[in-house]
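# A structural walkthrough
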Amino acid sequence: MKKITVLGSTGSIGTQTLEIVREQEDIKILALAAGRNIDLLEKQIREFRPELAAVWEEADAKTLRAKVKDLPVRVESGMDGLIDAAVMPECEIVVTAIVGMIGIRPTIAAIQAKKSIALANKETLVTAGHLIMPLAQQYGVPVLPVDSEHSAIFQALNGETGNKVHKILLTASGGPFRGRNWEQLREIRVEDALKHPNWNMGKKITIDSATMVNKGLEVMEAKWLFGTNLDQIQVVVQPQSVIHSMAEFEDGSIIAQLGTPDMRLPIQYALYYPKRRPLSGRRLDFFELGSITFEKPDMDTFEGLKLAYKAAEQGGNMPAVFNAANESAVAKFLKREISFLEITQIINECMLNCAYIKDPDLDEILDTEHAVREWIESRW
């Protein structure tokens, strides 16, 4: 039995990870961690019988303890609970699917405990890649990407050790508003932005896809995962979401990974790497598909991508500023406190006004997040 911990078990990636566990039947869940969805977490505990469950608020932990008092599960709360879940002695793989910078400390703890990391938390590498990747190398821990795009690149590079990568071609669907201009985006509602044409994802990442901020975060993540320069990462809009990403080598050869838009595929690949397993679901039918098309991203209309490249070029704590500003802005948009276009406006203003730190340590990264959130709350 493969033994794993799932951080963020009630979110989109977490629930799909548990679908794989349910289907494959040779994975044991040692720990589950979630946010505020106590009812779903209780159901997961009853089905998968983990030894440990963790939630953020102690009040929620108290409620959960009462709900599962008939089961032999330990319930913890806060950062200590997340870290305890990440470092359980028998655990082999930690799936980091928590949304936000809250995932950084548990990931570091898991690496130091020599757990393999199935990484679905973009913020970990976006804001602290300069700390995480050297640490993983120091402890000999694999960081296995769960994002479909990074998994595609990882698969394309498999077996190519020693061959020089010329360019990473990071594909994007373009989101629900591909082809629209600024004027057409002014009246976008929350309901509109949550209708992704291809992927079934959580609310935050779906909004990020609509602004193309998500692709910007993936650019920054790819830089650290694959050790490339920014000018080697090119975003290509591929509306059908069939080509999940590509690697171009110095001889001009391009290797692509294709498949249906199903997040279970990259999740399962990370859990069983280097082996592949049967997976239920629809298969890609090229005759039904007919054609695959490509477009250049519109970075003038979708400024989130342009700002991400700018933040990555500046480096230091600027990716943390970008990420924290986006998290706060998306939360405000989902609560209908700001408009769709104000998301990237807030990111831009934060990048212009927040103090720059050239080589931040972890505390400085987390302090940056706090400062950005305070700055936004004082002005928006």
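Our subject is the structure listed above.
The following refers to the structure shown.

### Notes on the overall build of the chain
Scanning the chain for helices and strands turns up 17 helices and 11 strands. With the C-alpha coordinates aligned to their principal axes, the bounding extent of the chain is approximately 55 × 50 × 40 Å. Residue burial in the chain is summarised as follows: out of 380 residues, 56% are buried. The long-range fraction of contacts in the chain, counting pairs at least 24 apart against all pairs at least 6 apart in sequence, stands at 68%. Surface accessibility of the chain: about 16700 Å² in total, with carbon and sulfur atoms responsible for 48%.

### Remarks on the packing of aromatic side chains
Applying the stated rule across the entire model yields five aromatic pairs. On the numbers, 5.8 Å between centres and 65° between planes, the contact of phenylalanine 333 with phenylalanine 340 is edge-to-face. Note on phenylalanine 333: relative accessible area 2%, which makes it buried. Overall, the relative accessible area of 4% leaves phenylalanine 340 in the buried class.

### Some words on unusual backbone geometry
Along the chain, tyrosine 273 connects to proline 274 via a cis peptide bond; the corresponding omega equals 10°. With respect to the helices and strands, proline 274 occurs in the loop between helix H12 (264-272) and helix H13 (286-289). In this structure, arginine 336 is a non-glycine residue whose phi angle is positive, near 65°. Relative to the helices and strands, arginine 336 resides in the loop between helix H15 (318-334) and helix H16 (342-353).

### Comments concerning the sheet that holds strand S11 (residues 254-258)
With mixed pairing, four strands are arranged side by side in an open sheet as S9-S8-S10-S11. Among the strands making up the open sheet, the edge pair consists of strand S9 (233-237) and S11. Taken over all neighbouring pairs, the strand axes of this sheet differ in orientation by 20° on average, direction set aside. Where strand S10 (residues 243-249) and S11 come together, five bridges link them in antiparallel fashion. Residue pairing in the sheet places alanine 247 in a bridge with isoleucine 255 of S11.

### Quick notes on the pattern of salt bridges
Per the stated rule, a full pass over the model turns up 28 salt bridges. The closest approach of N and O atoms between lysine 122 and aspartate 147, which form a salt bridge, is 3.1 Å. In this pair, lysine 122 sits in helix H6 (residues 122-139) while aspartate 147 sits in the loop between strand S7 (143-145) and helix H7 (148-157), placing the two residues 25 residues apart along the sequence. Accessibility assignment for this pair places lysine 122 and aspartate 147 in one class, buried. Of the charged contacts, one joins glutamate 191 and arginine 336 as a salt bridge, the two residues approaching to 2.7 Å between their closest N and O atoms. Separated by 145 residues along the polypeptide, glutamate 191 in helix H9 (residues 190-193) and arginine 336 in the loop between H15 and H16 bring together distant segments of the chain.

### With respect to the side chain of glutamate 248
Inspection of the secondary structure assignment puts glutamate 248 in strand S10. With no salt bridge to any partner, buried glutamate 248 finds its closest opposite charge in lysine 167, at an N-O distance of 4.3 Å.

### Topic: the packing of H7 against helix H11 (residues 213-226)
Orientation of H7 relative to H11, taken along the N-to-C sense of each, is 30°, at an axis distance of 10 Å. One element, H7, and the other, H11, form an angle in the roughly parallel class. Where H7 crosses over H11, the handedness of that crossing is right-handed. The segment H7 lies against H11, with Glu149, His150, Ile153, Phe154 and Leu157 engaging Lys215, Glu218, Glu221, Ala222, Leu225 and Phe226. Its residues assigned to classes, the contact of H7 with H11 comprises six nonpolar, one polar and four charged.

### Remarks on the sheet that holds strand S2 (residues 27-33)
Within a sheet, neighbouring strands are paired by backbone hydrogen bonds and run either parallel or antiparallel to one another. An order of S4-S3-S2-S1-S5-S6-S7 is seen for the seven strands of this open sheet, with the pairing classed as parallel. Pairing within the sheet leaves two strands with one partner each, and these edge strands are strand S4 (74-77) and S7. Within the sheet, the average angular offset between the axes of one strand and its neighbour, ignoring direction, is 25°. Bridge analysis of strand S5 (residues 93-96) against strand S6 (residues 116-119) gives four bridges, and the strand direction is parallel. Across the sheet, the residue bridging to threonine 96 is leucine 119, located in S6. Of the strands in this sheet, strand S1 (2-7), S2, strand S3 (52-55), S4 and S5 touch helix H4 (residues 78-86), which is tilted by about 130° from S4.

### Some remarks on the environment of aspartate 26
Along the chain, aspartate 26 falls in the loop between helix H1 (12-24) and S2. Distance from aspartate 26 to methionine 1, taken between C-alpha atoms, is 5.0 Å for residues 25 residues apart in sequence. When residues no more than four places from it in sequence are discounted, the contact partners of aspartate 26 are Met1, Lys2, Tyr272 and Arg277. Within the structure, aspartate 26 has its side chain in polar contact with the side chain of tyrosine 272 (distance 2.4 Å).

### Some words on H11
Between its terminal C-alpha atoms H11 stretches 20 Å, which fits the 20 Å expected from 14 residues at 1.5 Å a residue. Following H11 by one or two positions, glycine 227 has its phi on the positive side, about 60°.

### A word on helix H2 (residues 38-48)
Taken residue by residue, H2 has Ile38, Leu41, Glu42, Gln44, Ile45 and Phe48 as its buried positions. The buried side chains of H2 occupy one side of the element, clustering within an arc of 165° when seen end-on. Looking at the buried residues of H2, the elements they touch are H1, S2, S3 and helix H3 (58-67). Arginine 49 sits one or two residues past H2 and shows a positive phi near 50°.

What counts and how
Residues numbered from 1 in each chain as written. Predicted model: local features only at pLDDT ≥ 70, side-chain atom pairs only at ≥ 80, totals over all residues. Heavy atoms only, no water. Helix = DSSP H or I, 4+ residues; strand = E, 2+ residues; numbered from the N terminus. Buried < 20%, exposed > 50% of the residue type's maximum accessible area, 1.4 Å probe, protein only. Contact = heavy atoms within 4.5 Å. Areas by Shrake-Rupley, 256 points an atom, 1.4 Å probe, with all protein chains shown as cover. Phe/Tyr/Trp six-rings, centres within 6.5 Å; stacked < 30°, edge-to-face > 60°. Pairing = 2+ DSSP bridges. Axes fitted to C-alpha atoms, helices over the stretch in contact; angles between N-to-C directions. Salt bridge = Lys/Arg side-chain N within 4 Å of Asp/Glu carboxyl O. Lys, Arg positive; Asp, Glu negative; His and termini not counted. Parallel < 35°, antiparallel > 145°, perpendicular 65-115°, else oblique. Left-handed = near helix turned anticlockwise from the far one by under 90°. Nonpolar A, V, L, I, M, F, W, Y, C, P; charged D, E, K, R; others polar. Polar contact = N/O pair within 3.5 Å; in protein donor to acceptor, adjacent residues only side chain to side chain. Expected span 1.5 Å × (residues − 1). Arc of directions from axis to C-beta.

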